[in-house]
Amino acid sequence: MPLRLVQTNIKAVDARALGHFWSEALGWSAYTPGVTTYVGPPGGLVWPDPVVLGIDIVPVPEPKPATKNQLHLDLATTSVTHQTELVARLRALGAAPVDVGQGDVPWTVLADPEGNEFCVLEPREVYRDTGPVAAVVVDCADPRAMARFWGEATDWTLHEVTDDKAALRSAGGGGPYLEFLRTPGAKTVPDRTHLDLLPHPGDDKTAEVDRLRALGATDLDVGQGDVPWTCLADPEGHEFCVLALP
């Protein structure tokens with residue numbers, strides 16, 4: 001059975017501080033049940049959340065390299081005024097403007113306090129019901145091929161596919177989109193950000209990992225050692241993890 005997308009994983013030198021930033025940015029709450037800091041909707045920790053993709057922030061000793069992440073978040077806004085106010089609030093929280101070659105565009109590109117790039121979008125009708133995170137965006141060379149892999153790997157539905165962009169969304173219709181954008185430049189270093197997947201209750205994690213390998217995923221050693229999750233890379237080398245059922 002296809003896997004569930006459950007969270008975006010971000011590495012950070014100060015996971016608690018970055019968790020505070022993202023909880024304030026999204027109007028969510030930060031929870032620290034263990035080593036990592038999880039950012040999700042307020043009202044108590046629910047994991048996996050049935051609708052949203054949470055953010056799991058993992059402490060690491062090394063700061064982010066200067067290389068741009070190939071996975072980033074797009075934040076939704078409801079009006080031009082909301083966009084302006086959100087950008088100002090995020091900058092007050094510690095975000096900084098960043099130039100990734102975007103040129104003159106209606107959205108604003110920022111970096112969080114640890115340098116992870118994200119965008120604050122102008123209001124778009126397609127994102128009216130996503131919540132604060134409009135999309136998780138992945139740079140890639142072939143959006144069509146990436147849509148095929150991730151569409152078969154997960155239980156998400158294809159909404160749009162062209163040579164330049166592909167978009168998937170949860171079959172339930174809630175939460176953010178997962179988008180693949182054709183972007184020049186090959187992936188050269190591990191990202192600070194990646195996606196985490198989880199089997200459905202009763203499914204066999206080992207069988208699911210084997211299925212992903214058959215779809216084109218490859219095993220990945222990032223120094224994880226003996227852990228209950230499995231690190232893989234998709235056909236274009238983007239890291240992701242298949243978590244063990246709780």
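All figures in this text were calculated on a predicted structure; none of them were measured in a lab.

Q: Describe the overall build of the chain, and please don't skip the residues or the numbers.
A: Helix and strand counts for the chain stand at 4 helices and 16 strands. Relative to a compact globule of 246 residues, whose C-alpha radius of gyration would be 18 Å, the chain shows 17 Å and is just as compact. Each principal axis of the C-alpha atoms in the chain carries an extent, and together these give about 50 × 40 × 35 Å. Contacts in the chain between residues at least 24 apart in sequence constitute 63% of all its contacts with a sequence separation of at least 6. Of note, the chain has its 19 positive side-chain charges centred 1 Å away from the centre of its 35 negative side-chain charges.

Q: How would you summarise the packing of aromatic side chains if you had to cite specific residues and measurements?
A: The tally for this structure, following the rule as stated, stands at 8 aromatic pairs. For the pair Phe 21 and Trp 22, a centre-to-centre distance of 5.3 Å together with 90° between the ring planes defines the contact as edge-to-face. Accessibility expressed as a relative area gives 2% for Phe 21, which makes it buried. The exposure class of Trp 22 is buried, given its relative accessible area of 2%. Site record: aromatic cluster; members linked through ring pairs are Phe 149, Trp 150, Phe 180 and Phe 240.

Q: Any details on the sheet that holds strand E1 (residues 4-12)? Residues and values, ideally.
A: One open sheet holds the 8 strands; their spatial order is E2-E3-E4-E1-E13-E16-E15-E14, and the pairing between them is mixed. The open sheet terminates on both sides in strands that have one partner only, identified here as strand E2 (29-31) and strand E14 (218-219). In terms of strand pairing, E14 meets strand E15 (residues 230-233) through 2 bridges, oriented antiparallel. The partner of Thr 218 across the bridge, within E15, is Ala 233. Packing of helix H1 (residues 15-26) onto the sheet brings it into contact with E1, E2, strand E3 (37-40) and strand E4 (54-59), and relative to E4 it is tilted by some 160°.

Q: Before we move on, could you go through the pairing of strand E5 (residues 71-75) and cite the residues and values that matter?
A: Among the 5 residues in E5, 5 count as buried, and that is most of the element. Every second residue of E5 is oriented toward a common face, with Leu 71, Leu 73 and Leu 75 on one face and His 72 and Asp 74 on the other, all of them buried. Bridge analysis of E5 against strand E9 (residues 133-140) gives 5 bridges, and the strand direction is antiparallel. Residue pairing across strands places Leu 75 opposite Val 133, the latter belonging to E9. Two elements, E5 and strand E8 (residues 117-120), share 3 bridges in a ladder whose sense is parallel. Residue Leu 73 lies in a different strand from E8, and its bridge partner there is Phe 118.

Scoring rules and cut-offs
Residues numbered from 1 in each chain as written. Predicted model: local features only at pLDDT ≥ 70, side-chain atom pairs only at ≥ 80, totals over all residues. Heavy atoms only, no water. Helix = DSSP H or I, 4+ residues; strand = E, 2+ residues; numbered from the N terminus. Rg over C-alpha atoms; globule rule 2.2 N^0.38 Å. Contact = heavy atoms within 4.5 Å. Lys, Arg positive; Asp, Glu negative; His and termini not counted. Charge placed at Lys NZ, Arg CZ, Asp CG, Glu CD. Phe/Tyr/Trp six-rings, centres within 6.5 Å; stacked < 30°, edge-to-face > 60°. Buried < 20%, exposed > 50% of the residue type's maximum accessible area, 1.4 Å probe, protein only. Pairing = 2+ DSSP bridges. Axes fitted to C-alpha atoms, helices over the stretch in contact; angles between N-to-C directions.

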